[in-house]
Number of protein chains: 2
Amino acid sequence: MGVVVPLEQRTEQETIEPLLSLVAEDMARVNEAILVHARSDVEMIPELAGHLINSGGKRIRPMLTIATAQMCGYRGTAHVKLAASVEFMHTATLLHDDVVDESDLRRGKAAARILWGNEASVLVGDFLLGQAFKMMVETGSLEALSILANAASVIAEGEVMQLAASKDTSTTEDAYLAVIQAKTAALFSAAAEVGGVIAGCRREERAALESFGRNLGLAFQLVDDALDYSGKQSILGKSIGDDFREGKITLPVVLCYRRGTAEERDFWTRTLQAGEQDEEDLYRAIALMERHSALQDTIERARHYGAIARDALAIFPPSKHKQALLDSVDFCVTRSY
Amino acid sequence: MGVVVPLEQRTEQETIEPLLSLVAEDMARVNEAILVHARSDVEMIPELAGHLINSGGKRIRPMLTIATAQMCGYRGTAHVKLAASVEFMHTATLLHDDVVDESDLRRGKAAARILWGNEASVLVGDFLLGQAFKMMVETGSLEALSILANAASVIAEGEVMQLAASKDTSTTEDAYLAVIQAKTAALFSAAAEVGGVIAGCRREERAALESFGRNLGLAFQLVDDALDYSGKQSILGKSIGDDFREGKITLPVVLCYRRGTAEERDFWTRTLQAGEQDEEDLYRAIALMERHSALQDTIERARHYGAIARDALAIFPPSKHKQALLDSVDFCVTRSY
């Protein structure tokens, strides 16, 4: 277990600023690669892709690739293509997710599927995935390709797993972790690892980056799931209660269900499993989470994985890149909470 | 224009038998690779994938990869993985297509989306695409990866193009060709080309295989589109009139619309563009196609591309593989018609 740093002393902005500043120049190139590879003579493709690409995502995944490549002393340009590939894989996943979840909003804007239809969202997602693989191939790194192709399979596998388990309120914490391991942590871990791989880092460094990314991804997703019941909509570009309305069984729910009374369990079964909700139910859900410290404990779990992520980086010598990556863990754990 | 061989002298089976027999041993390995890579602890994945994989598709695309690799003297095993990748890419496309087209049947069986839902079809398609890329990476051939990644983008782009144009009965033949070039011919051409590439063929041979596959794919799709208005359901595992019911504008329709009277054009606009159909309309559509020789001329167009495909192979020295590939062109053009 790592030591939990007293995060309260720094603002959210102060924990992410060092990373943003180190990767700024390369991220401008990543953004350019993203725009170039979202081009197509079929107008709907850049329109729909642009809607999501320009919607103010934090681009934390490609930043991981850039930052780990820089930390490992990489001097070439292939990390830019890998980072853009990672963001395309993420964007494709979001497009397909919205179709699967029948979401109406994404990052506070109408979901692409609402504006262009489910069909276009599926197909443009496929196109972006194809473009992602094209960019990876251009780097000529079979190792990076292997890591990212594997992540693509694992992510999809995790989404199917979630689909099969999504309506089961009695899901265990372990089953929930297996889902977010696949659907979120796999891409974080691949993003961090390929940065080191393209820089030719040693085997133990590669394993360290993989672990760093994976645990950071777990922490990130846990916080995301807590924020869905407590975050500020304007900051997140995400409605509070999205997961609740979609009947998603996330850790706050898992904890509440397990810690709750029989009557409370009936509440979760009715609202999430059977999908019978009225307007007051979200507030009741939030009240139950407070009663059982479910959000607080979800954040505690996130701190735990954040601590593992920090320790994973310990084998790297001190550098401003290492410090910025360590700071980004604090950002992921404390953002908007 | 190539010379049209008098095909009538041979049965359908006689034109495909030589190819089937040459690739039989390797195709058994391809089938095994397909089964192994469709495995997952998430039960729904092998169930859903197996439904489609075992549904009696002809596997003509992976056969092209195996046959071209053999023709070019390949002695290794990587062609098996490439062939399985090609089939997975095709299967993923079918799964996503059925969601996009809202199809109820696929190869005469209930479409996967009907049995497992649209969500699962999208996600299992994504999983198979990820597994396809993993297998490609395992071959270590960046050239093959580049060809197949490019095909993945082009296919998705073509599907979006079709989506945007699909309800326009006044589509030109060229616009229709651009769609089938992307959605069908691109994978045929990639399948044929990577077989040669893995065998280390010369640049002009590679170009020949690309052209062979592309033109064979065009011929194949044209015949498919004609069969939708005339084929035998039991043989094809495909309902007659699927395209009509889904409002797809295929070449038989394009020809009928352009050759038809104002009243006939109104018929096509009502049934396909506006989607207002009654039970008699399919028979009226077929009658109009007979009046305007639309099916016959669609097959003539297919013969044209088939002839180009045959000529593309001319630079290869005579061999039983070359002859089997030439025969397969005849099969594609004459099957079940």
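Cut-offs and rules
Along each chain, the written sequence defines residue order, and numbers are assigned to residues from 1. Starting at A for chains and at 1 for ligands, labels are handed out in the order in which the entities are written. Where local features are concerned, this predicted model is filtered to residues with pLDDT of at least 70; where side-chain atom pairs are given and counted, the filter is 80 or more; whole-chain, interface and lining totals use all residues. The helix and strand labels rest on DSSP assignments: H or I over at least four residues marks a helix, E over at least two residues marks a strand, and numbering proceeds from the N terminus. Counting other C-beta atoms within 10 Å of each residue's C-beta, where C-beta atoms are placed from the backbone, gives the exposure class: buried for 20 or more, exposed for 12 or fewer, partly exposed between. What a helix is expected to span follows from its residue count: subtract one and scale by 1.5 Å. Here the bend at a residue is taken as the angle between two axes, fitted respectively to the seven residues that end there and the seven that start there. Two residues qualify as a contact pair if the distance between their C-beta atoms, derived from the backbone, is within 7 Å. Gly is put with the polar residues, along with every residue not named as nonpolar or charged; the nonpolar set is Ala, Val, Leu, Ile, Met, Phe, Trp, Tyr, Cys and Pro, and the charged set is Asp, Glu, Lys and Arg. The copies are overlaid by a least-squares fit using only the C-alpha atoms of residues whose pLDDT is at least 70 in both copies. Between the N-to-C directions of two axes lies an angle of 0 to 180 degrees, each axis being a line fitted to C-alpha atoms and, for a helix, fitted only over the stretch in contact. Reported orientations rely on four angle classes, namely roughly parallel under 35 degrees, roughly antiparallel over 145, roughly perpendicular from 65 to 115, and oblique for the rest. Definitions for this section: a left-handed crossing has its near helix turned counterclockwise from the far helix by less than a right angle. A right-handed crossing has that turn clockwise. Confidence scores per residue from the predictor, reported as pLDDT, run from 0 to 100.

### Quick look at the overall build of chain A
And step 1. Across its full length, chain A holds 16 helices and two strands.
And step 2. Across its three principal directions, the C-alpha atoms of chain A cover 60 × 50 × 30 Å.
And step 3. Buried residues in chain A amount to 56% of all 337 residues.

### Remarks on helix H1 (residues 12–37) of chain A
Residues and elements named next belong to chain A.
And step 1. The terminal C-alpha atoms of H1 lie 32 Å apart, and with 26 residues this falls more than 12% below the ideal 38 Å at 1.5 Å per residue.
And step 2. Taken as a whole, H1 carries its principal kink of about 60 degrees at Ala24.
And step 3. Within H1, burial applies to Thr15, Ile16, Leu19, Leu22, Val23, Asp26, Val30, Ala33, Ile34 and His37.
And step 4. Buried residues along H1 sit against helix H2 (44–53), helix H3 (60–71), helix H4 (78–101), helix H6 (118–139) and helix H16 (320–334).

### Considering the interface of chain A and chain B
And step 1. Contacts between the two partners involve 35 residues from chain A and, on the opposite side, 35 residues from chain B.
And step 2. Residue assignment for the side of chain A that touches chain B shows that the elements contributing at least two residues are H2, H4, H6 and helix H7 (142–165) of chain A.
And step 3. Here the residues of the side of chain A that touches chain B sort into 22 nonpolar, eight polar and five charged.

### Topic: helix H3 (residues 60–71) of chain B
One turn of an α-helix holds 3.6 residues; hence residues three or four places apart share an orientation.
Residue and element names in this part refer to chain B.
And step 1. With 12 residues, H3 extends 16 Å from end C-alpha to end C-alpha; this agrees with the ideal 16 Å at 1.5 Å per step.
And step 2. Among the 12 residues of H3, 12 are classified as buried, and the element is accordingly described as predominantly covered.
And step 3. Of all the residues in H3, the buried ones are Ile60, Arg61, Pro62, Met63, Leu64, Thr65, Ile66, Ala67, Thr68, Ala69, Gln70 and Met71.
And step 4. On its buried face, H3 is in contact with helix H1 (12–37), helix H4 (78–101), helix H8 (173–198), helix H9 (203–227) and helix H16 (320–334).
And step 5. At the exit of H3 stands Gly73, carrying a positive phi of roughly 80 degrees.

### Observations regarding the relation of the copies chain A and chain B
And step 1. Rotating chain A by 180 degrees and translating it 0.0 Å along the rotation axis places it on chain B, where the RMSD comes to 0.0 Å. Such a turn and shift between the copies fits a two-fold axis.
And step 2. With an isologous cut-off of 70% or more, the 100% of interface residues of chain A that recur at the interface of chain B puts this contact in the isologous class.

### Description of the packing of H4(A) against helix H8 (residues 173–198) of chain A
All names here are of chain A.
And step 1. Their axes nearest at 10 Å, the elements H4 and H8 cross at an angle of 170 degrees. If you check the angle between H4 and H8, you find them roughly antiparallel. Residues Ala78, His79, Leu82, Val86, Met89 and His90 of H4 lie in contact with H8, whose contacting residues are Leu187, Ala191, Val194, Gly195 and Ile198.
And step 2. For the contact of H4 with H8, the class distribution of residues is eight nonpolar, three polar and no charged.

### Quick word on the environment of Ser230(B)
Residue and element names in this part refer to chain B.
And step 1. Its location among the elements puts Ser230 in the loop between H9 and helix H10 (233–236).
And step 2. Judged by the 17 C-beta atoms lying within 10 Å of it, Ser230 is partly exposed.
And step 3. In this structure, the C-alpha to C-alpha distance between Ser230 and Leu295, residues 65 residues apart in sequence, is 8.3 Å.

### Some thoughts on unusual backbone geometry
And step 1. Despite not being glycine, Arg59(A) has its phi angle at roughly 55 degrees, a positive value.
And step 2. In this structure, Ser293(A) is a non-glycine residue whose phi angle is positive, near 50 degrees.

### Let's talk about the packing of H4(A) against H6(A)
A pair of packed helices is captured by two measures, namely the crossing angle of their axes and the spacing between those axes.
All names here are of chain A.
And step 1. At a closest axis distance of 8 Å, the pairing of H4 and H6 adopts a crossing angle of 160 degrees. The orientation of H4 relative to H6 falls into the category roughly antiparallel. For the pair H4 and H6, the sense of crossing is left-handed.
And step 2. In the contact of H4 with H6, the residues fall into 15 nonpolar, eight polar and three charged.

### Concerning the confidence of the model for chain A
All names here are of chain A.
And step 1. Summarising the model, chain A shows a mean pLDDT of 90, and 93% of its residues fall at 70 or more.
And step 2. Highest mean pLDDT in chain A belongs to H3 (97); lowest belongs to helix H10 (residues 233–236) (49).
And step 3. For the stretch residues 1–5, pLDDT sits under 50, and the model shows eight contacts to residues farther than four places along the chain or on other chains.
And step 4. As scored by the predictor, the complex reaches a pTM of 0.89 and an ipTM of 0.85.

### Side note on the environment of Ala24(A)
And step 1. Examined against the element boundaries, Ala24(A) turns out to sit in helix H1.
And step 2. Given 11 C-beta atoms within 10 Å, Ala24(A) falls into the exposed group.

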